[in-house]
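# Architecture and fold: a report
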Amino acid sequence: MKKNQIALTTSLIFTLILIPRTVYAMHIAEGFLPMKWAGFWTVLAVPFLIISVKKVNNILKDEAPGIKMLLALAGAFIFVLSSLKLPSLTGSCSHATGIGLGAILFGPWPMVLLGTIVLIFQALLLAHGGITTLGANLFAMAIVGSFVAYGLFKLARKVGVPVWASVFVAASVSNFFTYIITAGQLAAAFPGNSGFMASLIKFLSVFAFTQIPLAIVEGLLTVLVFNIIQEYSKNELDELSIISRRQRHEFS
Amino acid sequence: MSLAKKNLIIILLILIVVITPLIIKRNAEFLGADGMAENMITEINPQYTAWFSNIWEPPSGEIESLLFALQAAIGAGFLGYYIGLQKGKNKGNNDRQDKK
């Protein structure tokens, strides 16, 4: 009996990895959340967006030009990464989010607005994602994604993980979480006959495997750019107190 | 380790992760279309129809890739500008200190 289960699970995992299948592990498409759920996620996302606009305004008003440039860099990074559709081992494509870098540098709040800008750009010009699903996609990518990245980075640094590894873990797990949340949102909206959990497993089985290699790429790209910032923008980093003086000595 | 060396290793790792699927899954379609959402959702809930469609859609795959390339170019353009600027600033500061 047990042997059978193990065999079944292994073959299931193998099928998931080996059989080419089409996956839409990206943002939820326009009109593909029932009105009730579209409204729910929008209402949930709006307060975050309002706080985010205030935070970004404060940065633009009070901070030095170097810090503003760094914020623009975080935005540019989201632009590049969310346009990179990368192949995955499941034989389908998905893309990075780029949220992690900015969340690590500026904390989670400013990223909500930057993420919104990119999502609106893609929804209006690329028919990728949508206006009705903006709230849900925003929640998954810009809100959960940035809070996870920020929280993990802080946690990893606290327990003494090196900066580069903390950046890697924060960015890749943030990418992975975005898609777990998306799967959860779809499962909640489409529980089918067998209920939320069954539906969630169905959506997750498709999302999770595709996303793992992409999460790794996202982590690597974030470390790449973070290394450059660490080398050439030491003053700005000090100002952001991401890396205290003591820690910088450890790593230079 | 110097920055260039560190980042060279990272770029190699990225290439490995990105290219491996293309070699292992030669016959895969590598689709990622949003339209496929329909399939999974209608499989679970056959009655569901999208109640809103995109306000505007790129008329062809070419236009779509144009806009995606534009998006990447805007982002990458600024990234390059920023890195060059910071590098130049640092060099300028160091040169000034050397003269003193």
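The text that follows walks through the structure, step by step, so that each part is easy to find. Owing to the predicted nature of the structure, the values given are computational and were not obtained by experimental measurement.

## Here's the deal with the overall build of chain B
- Within chain B one finds three helices and zero strands.
- Relative to a compact globule of 100 residues, whose C-alpha radius of gyration would be 13 Å, chain B shows 23 Å and is clearly more extended.
- By its C-alpha atoms, chain B is 75 × 35 × 25 Å across when sized along the principal axes.

## Thoughts on the nonpolar core
- If you look at the biggest cluster of nonpolar residues, it comprises 86 residues, and the most contacted ones within it are A:Ala74, A:Phe77, A:Ile104, A:Phe139, A:Ile143, A:Ala149 and A:Val167.
- Breaking this core down by element, the ones donating at least two residues are helix H2 (35-62), helix H3 (65-81), helix H4 (99-106), helix H5 (109-125), helix H6 (134-158), helix H7 (163-189) and helix H8 (195-232) of chain A together with helix H2 (36-44) of chain B.
- For this core, the element with the highest residue contribution is H6(A), accounting for 15 residues.
- Among residues more than four places away in sequence, those in contact with A:Ile104 are A:Ala149, A:Tyr150, A:Phe153, A:Val167 and A:Ala170.

## Considering the interface of chain A and chain B
- With 52 residues of chain A at the interface, the matching set in chain B holds 49 residues.
- The dominant element in the side of chain A that touches chain B, judged by the number of residues it contributes, is H8(A), at twelve residues.
- Its residues assigned to classes, the side of chain A that touches chain B shows 35 nonpolar, 14 polar and three charged.

## Some thoughts on helix H3 (residues 61-99) of chain B
- The end-to-end C-alpha distance of H3(B), which contains 39 residues, comes to 56 Å, matching closely the 57 Å that a straight helix rising 1.5 Å per residue would cover.
- Buried within H3(B) are the following residues: B:Phe68, B:Gln71, B:Gly75, B:Tyr82 and B:Gln86.

Thresholds, definitions, all that
- Sequence positions are assigned chain by chain, starting from 1 and proceeding in written order.
- Throughout, the order in which chains and ligands are written sets their labels, letters from A for the former and numbers from 1 for the latter.
- Whole-chain, interface and lining totals are the exception, using all residues; otherwise, since this is a predicted model, local features are given only for residues with pLDDT of at least 70 and side-chain atom pairs are given and counted only at 80 or more.
- Numbering goes from the N terminus for both helices and strands, where a helix is a DSSP run of H or I of at least four residues and a strand is a run of E of at least two.
- To get the radius of gyration, use the C-alpha atoms; to get the globule rule, take the number of residues to the power 0.38 and multiply by 2.2 Å.
- As used throughout, a nonpolar core is a set of buried Ala, Val, Leu, Ile, Met, Phe, Trp, Tyr and Cys residues joined through C-beta atoms within 7 Å of each other.
- The exposure label follows from counting other C-beta atoms within 10 Å of a residue's C-beta, where the C-beta atoms are placed from the backbone and the thresholds are 20 or more for buried and 12 or fewer for exposed, leaving partly exposed in between.
- Here, residue contact means that the backbone-derived C-beta atoms of the two residues sit within 7 Å.
- Put simply, Ala, Val, Leu, Ile, Met, Phe, Trp, Tyr, Cys and Pro go in the nonpolar bin, Asp, Glu, Lys and Arg in the charged bin, and everything else, Gly too, in the polar bin.
- Expected helix span is given by 1.5 Å per residue-to-residue step, counting one fewer step than there are residues.

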